[in-house]
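# Analysis of the macromolecular model
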Amino acid sequence: MPRRLTGFTPSGSLHLGNYVGAIRPIITQQTDTDTVVFISDLHALTIAHDPAAVQRRTLEFAMLLLAAGADPEECLFLVQSHVPEHTELHYLLECTTAFGEAQRMIQFKEKSRRQQQVRLSLLTYPVLMAADILLYDTDEVPVGEDQRQHVELARDVATRFNARYGQTFTLPRAVNQPVAARIMDLANPGDKMSKSTSAEAGSLRLLDDSDALKRKVMRAVTDAGDSVEYNPERQPGVSNLLTILAACTDGDPKQLAQEFDRYGELKHAVVDAVTATIAPIRERYLKLEADPEGVRAMLRAGARRAREGASEKLRQAKAAIGLLPT
């Protein structure tokens, strides 16, 4: 059974696109795949941040993943900073990574251009991501194209470490996310729905109540004309609504388009489908929110389980690279 690892950085707000593209596949596969799910809170520190917000979102993300169906009995479920082996292995891998490799990461180039003061952690966080992956002998990392380069770096670093110091790490591979709808911003259908950059009106957040979901869908940007067609180039707004409807109902957007004559009819159908998808998650979240200590206990248990294997992997890496055992 392959081991598959997915992390969620606690910045912004989780939305329908995150659920369809990353969370739902975890839920459907966790019984058939050796699954690791973690909140990558250390990655949230690479840019200017509010410490209280990082703490709040870390717990919020954990609760939302649990509410969506992540099962700590079926998967390894943890917060990254609760397992210190992540940061210890990070340093060992930095000693195996060239400066030029880190500097060439596309995300570093893009994010550093938008900041006046670039934190060193922004340069080195792909190496921490490599540690996240290699610490658990991960076979598969489901990623989008924007993260594929980071998985390739993890593979390159593991290959080099194994060659220099002896076989230590499993070589991971990036795998395509299961085919999922590409859900766009409701207010600007030319942009992908984002947990960090989408405005309130453009994102269907997993914590939105039914009234908020309805308001956002009914105000969603549509297109010139009044025919309902699935054509992302000519009708991006309507096509996005059809994509959302298809994602929530397991339908086909082209076939669904034939069921509607007017935009209003389509929007009402989308409201019903989105509410049916998100409302149960929010309801379960509110129950978990009422017992935060219970969730913290789950996270502590997950960290203990994680450290059982992570400490042994770190011991192997330390011995291989030449550190004196305690």
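Preceding block: the structure.
Keep in mind it's a predicted model, so treat the numbers as computed, not measured. (Residues numbered from 1 in each chain as written. Predicted model: local features only at pLDDT ≥ 70, side-chain atom pairs only at ≥ 80, totals over all residues. Heavy atoms only, no water.)

The next subject is the overall build of the protein chain. The helix and strand inventory of the protein chain stands at 12 helices and five strands. The C-alpha radius of gyration of the protein chain comes to 21 Å, within 12% of the 20 Å expected for a compact globule of 326 residues. For the protein chain, the spread of C-alpha atoms along the principal axes amounts to about 70 × 45 × 40 Å. Burial statistics for the protein chain: of 326 residues in total, 49% are counted as buried. Taking as baseline every contact in the protein chain between residues at least 6 positions apart, the subset at least 24 positions apart corresponds to 75%. (Helix = DSSP H or I, 4+ residues; strand = E, 2+ residues; numbered from the N terminus. Rg over C-alpha atoms; globule rule 2.2 N^0.38 Å. Buried < 20%, exposed > 50% of the residue type's maximum accessible area, 1.4 Å probe, protein only. Contact = heavy atoms within 4.5 Å.)

Two aromatic rings, taken as a pair, are described by how far apart their centres are and by the angle between their planes. With the rule as written, the count across this model stands at two aromatic pairs. Measuring from ring centre to ring centre gives 5.0 Å for phenylalanine 161 and tyrosine 165, while their planes differ by 65 degrees; the resulting arrangement is edge-to-face. Separated by four residues within a single helix, phenylalanine 161 and tyrosine 165 lie in helix α7 (residues 145-165), roughly one turn from each other. The class of tyrosine 165 is partly exposed, set by a relative accessible area of 30%. (Phe/Tyr/Trp six-rings, centres within 6.5 Å; stacked < 30°, edge-to-face > 60°.)

In this section: the packing of helix α3 (residues 85-94) against helix α12 (residues 292-321). Two numbers describe how α3 lies on α12: the axes approach to 10 Å, and their chain directions differ by 20 degrees. In this view, α3 runs roughly parallel relative to α12, as classed from their interaxial angle. Where α3 crosses over α12, the two elements pack in a sense that is left-handed. Each of Glu85, Glu88, Leu89 and Leu92 in α3 lies in contact with α12, whose residues at this interface are Arg307, Ala310, Ser311, Leu314, Ala317, Lys318 and Ile321. (Axes fitted to C-alpha atoms, helices over the stretch in contact; angles between N-to-C directions. Parallel < 35°, antiparallel > 145°, perpendicular 65-115°, else oblique. Left-handed = near helix turned anticlockwise from the far one by under 90°.)

This part is about the environment of threonine 46. By secondary structure assignment, the location of threonine 46 is in the loop between β2 (34-39) and α2 (51-68). Residues contacting threonine 46, with those up to four places away along its chain left out, are Arg119, Ser121, Leu122 and Tyr125. There is a polar contact of 3.1 Å between the side chain of threonine 46 and the backbone oxygen of histidine 43. (Polar contact = N/O pair within 3.5 Å; in protein donor to acceptor, adjacent residues only side chain to side chain.)

On to the nonpolar core. Counting 55 residues, the largest nonpolar core has Phe8, Leu16, Phe77, Leu204, Ile244, Leu266 and Val274 as the members making the most contacts within it. Leu89, Met129, Leu135 and Val141 belong to the second largest nonpolar core, which has 35 residues in total. (Core = buried A, V, L, I, M, F, W, Y, C linked by side-chain atoms within 4.5 Å.)

Structurally, the position occupied by valine 217 is in helix α8 (residues 210-218). Judged by its relative accessible area of 0%, valine 217 is buried. Distance in space between the C-alpha atoms of valine 217 and aspartate 272 is 10 Å, their sequence separation being 55 residues. Setting aside residues no more than four positions away along its own chain, valine 217 makes contact with Leu186, Leu204, Leu241, Lys267, Val270 and Val271.

In total, this model carries 14 salt bridges according to the counting rule given. Between glutamate 140 and arginine 4 there is a salt bridge whose closest N-O contact spans 2.5 Å. In this pair, glutamate 140 sits in strand β4 (residues 140-143) while arginine 4 sits in strand β1 (residues 3-8), placing the two residues 136 residues apart along the sequence. Note on accessibility: glutamate 140 and arginine 4 belong to one class, buried. Between glutamate 200 and arginine 205 there is a salt bridge, with the nearest N and O atoms lying 2.6 Å from each other. Here the salt bridges do not stand alone but share partners, grouping Glu200, Arg205, Asp208 and Lys216 into one network. (Salt bridge = Lys/Arg side-chain N within 4 Å of Asp/Glu carboxyl O.)

This part takes up the pairing of β4. On any regular strand, side chains alternate: one points to one face of the sheet, the next to the other face. Alternating positions in β4 separate into two faces, Glu140 and Pro142 on one and Val141 and Val143 on the other, with burial throughout. Where β4 and strand β5 (residues 173-176) come together, four bridges link them in parallel fashion. Within β5, the residue paired with proline 142 across the bridge is valine 175. (Pairing = 2+ DSSP bridges.)

Let us now look at helix α11 (residues 263-289). Between the first and last C-alpha of α11 there are 37 Å, a value that for 27 residues agrees with the 39 Å anticipated at 1.5 Å per step. At isoleucine 278, α11 is bent by approximately 30 degrees, the largest bend along its length, and proline proline 280 sits one to four residues beyond. (Expected span 1.5 Å × (residues − 1). Bend = angle between axes of the 7 residues up to and from the residue.)

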